[in-house]
Amino acid sequence: MRAVDIIRAKRDGDALSREAIDAFVAGVTSGSWPDYQVSALLMAIVLKGMNAVETSWLTDAMVRSGDRVNLRHIPGIKVGKHSTGGVGDKVSIILAPLAAACGVTVPKMSGRGLGHTGGTLDKLESIPGFRVALSLDEYITQLAEIGCCLISQTATIAPADKALYALRDVTGTIESLPLIASSIMSKKLAEGSEALVLDVKCGRGAFMHRPADARALARSMVSIGTAAGVRTECLITQMDVPLGHAVGNALEIAECIEVLRGQGPADLIELVVRLGSRMVRLAKKAATDEESAALVRHALSSGAALARFRLMVARQGGDPAVVDDPSRLPSARLKHVMTAPRRGVVTALDALLVGRAAVALGAGRDKKGDEVDLSAGIVLLKKPQDEVAAGEPVMELHYNDPSRLAGALPLVTQAMVIGDQPPATQPLVLGWVHDSGETMFVVS
Ligand code: URA
């Protein structure tokens, strides 16, 4: 099929045939479609959309563009986890060893920071020595032996997505529901998961700002997973406010260790327990929701999850002593303490602005290939609902390059709003979408 005919068909709003979608993905993978034709079709998809069947064919073709890891020789149901990305979202780093400590095997290939959102790989690399670039053989062996492994997408996993993603990033074609859903699901299906728990972030600091859009993305991913024979469910969770207190790579690893020690911020613990319980249930390691939540909480309080994390760090070449002594993580030379300009209560803390401020301090990338400062970031000492006195510290900004502070200060100043009345409380979990129905706790 000629590329130009496929582009024209989508431009005119037609649904693409399976043959057309296969030709497109094959052309992207082999490089036989030039970038201008790939970009033209991507833009046509952004503008005209794709129906559920087209989206599932696109996902399937992207999975088939590379290897699909087979983990069937490992006993039990392998349960993957993915977040669509947020600020302070370090949940995967806690959940992989935690679920493994509950008897679940957790295949997990992760990504780097994207825009104002952090990435699991950058965070892990703040652990001295930690290797994320394992071979597929090392990945499979480690999963069989300790039940968890956090690595980067290998070259042979969904290579079509890799090529498409790089083009989408620079052609204004990231924001498309079928493209996001197929991009995420192609990697999840290829990494060897037999069931999936997805965290669809919703709010100011997420790609999806409105619950209705987050629900549509969740529905699409559940339908793709179900069509591929992988039981998939999504929690839709709030991302108006950063998760936990730490934003920035090494700072977030220290917070992960706190939670794995049975301590840490309440919102982060709540989300870890909610997602972890679903993973345990999908792996059929507990018969009821209460039983699975109890298993997860016990793995945290008993030290079993922390022990599995230490093992994973050591297996991937990292310094396991950081687990007992997080001061071994890289720390910034300079710290600016921001104080409250008035007495009152924190009414808002904008995740997008906090994320951008962390990037301004060096914790993320301005452009592809930029070096990340692993020790830079922000510690949120106060969050919505907290009372503050005038002059009380509310945030710490950690950085090494003095020229970076000026870029971050206006962002954090604008991010935190202090008022007189506490804000209405917002649930952390806004909805739950799965293969036999959905519940939305917040709709708009
Ligand atoms: N994450 C992905 O992997 N792909 C997208 O398209 C967006 C977020």
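Residue positions are given per chain, counted from 1 along the sequence in the order it is written. Local features in this predicted model are restricted to residues whose pLDDT is 70 or higher, and side-chain atom pairs enter the listing and the counts only when it is 80 or higher, whereas totals over whole chains, interfaces and linings include all residues. Working from all heavy atoms in the structure, the side-chain values ignore hydrogens and water.

Chemist: Is there a simple way to explain the domain arrangement of the chain in this structure?
Modeler: Size of an interface: often given as the accessible area lost when the parts come together. Throughout the structure description, domain borders are defined by an automatic or database domain assignment. Each assigned domain of the chain is listed here: domain 1 (3-49), domain 2 (79-325 + 428-441) and domain 3 (331-419). Relative to domain 3, the C-alpha centre of domain 1 lies at a distance of 42 Å.

Chemist: I'm lost on the pattern of salt bridges in this one. Help?
Modeler: Once the charged atoms of two side chains with opposite charge are near each other, the side chains can pair. The working definition used for a salt bridge is a side-chain nitrogen of Lys or Arg within 4 Å of a carboxyl oxygen of Asp or Glu. Enumeration over the complete set of coordinates arrives at 33 salt bridges. D122 is the salt-bridge partner of R112, the closest N and O atoms lying 2.8 Å from each other. Separated by ten residues along the polypeptide, R112 in the loop between β2 (106-110) and α6 (120-124) and D122 in helix α6 bring together distant segments of the chain. Residue class for R112 comes out partly exposed when judged on its relative accessible area of 35%. For the salt bridge of D213 with R210, the shortest nitrogen-to-oxygen distance reads 3.0 Å. Take R210: its relative accessible area is 45%, and that puts it in the partly exposed class. Working definition: helices are DSSP H or I runs of at least four residues, strands are E runs of at least two. Numbering for both runs from the N terminus. Partly exposed residues are those whose accessible area sits between 20% and 50% of the maximum for their type, while under 20% is buried and over 50% is exposed, using a 1.4 Å probe and protein chains only.

Chemist: Help me understand the sheet that holds strand β13 (residues 429-434), please; the structure alone is not making it clear to me.
Modeler: Hydrogen bonding along the main chain pairs the strands of a sheet, whether they run parallel or antiparallel. For two strands to count as paired, DSSP must find a minimum of two bridges between them. Reading across from one edge, β1-β4-β5-β13-β14 is the order of the five strands in this open sheet, with mixed pairing throughout. This sheet does not close on itself; its edge strands, each paired only once, are β1 (79-83) and β14 (437-440). Across the sheet, the axes of successive neighbouring strands diverge by a mean angle of 15 degrees, strand direction being ignored. Two elements, strand β5 (residues 231-238) and β13, share four bridges in a ladder whose sense is antiparallel. Along β13, the bridge assignment pairs C234 with V433. In this fold helix α10 (residues 211-227) packs onto β4 (195-202), β5, β13 and β14, with an angle of close to 165 degrees to the strand it touches most, β5. To obtain an axis, a line is fitted to C-alpha atoms, over the contacting stretch when the element is a helix, and the angle between two such axes runs from 0 to 180 degrees between their N-to-C directions. Any two residues whose heavy atoms approach within 4.5 Å at even a single point are treated as in contact.

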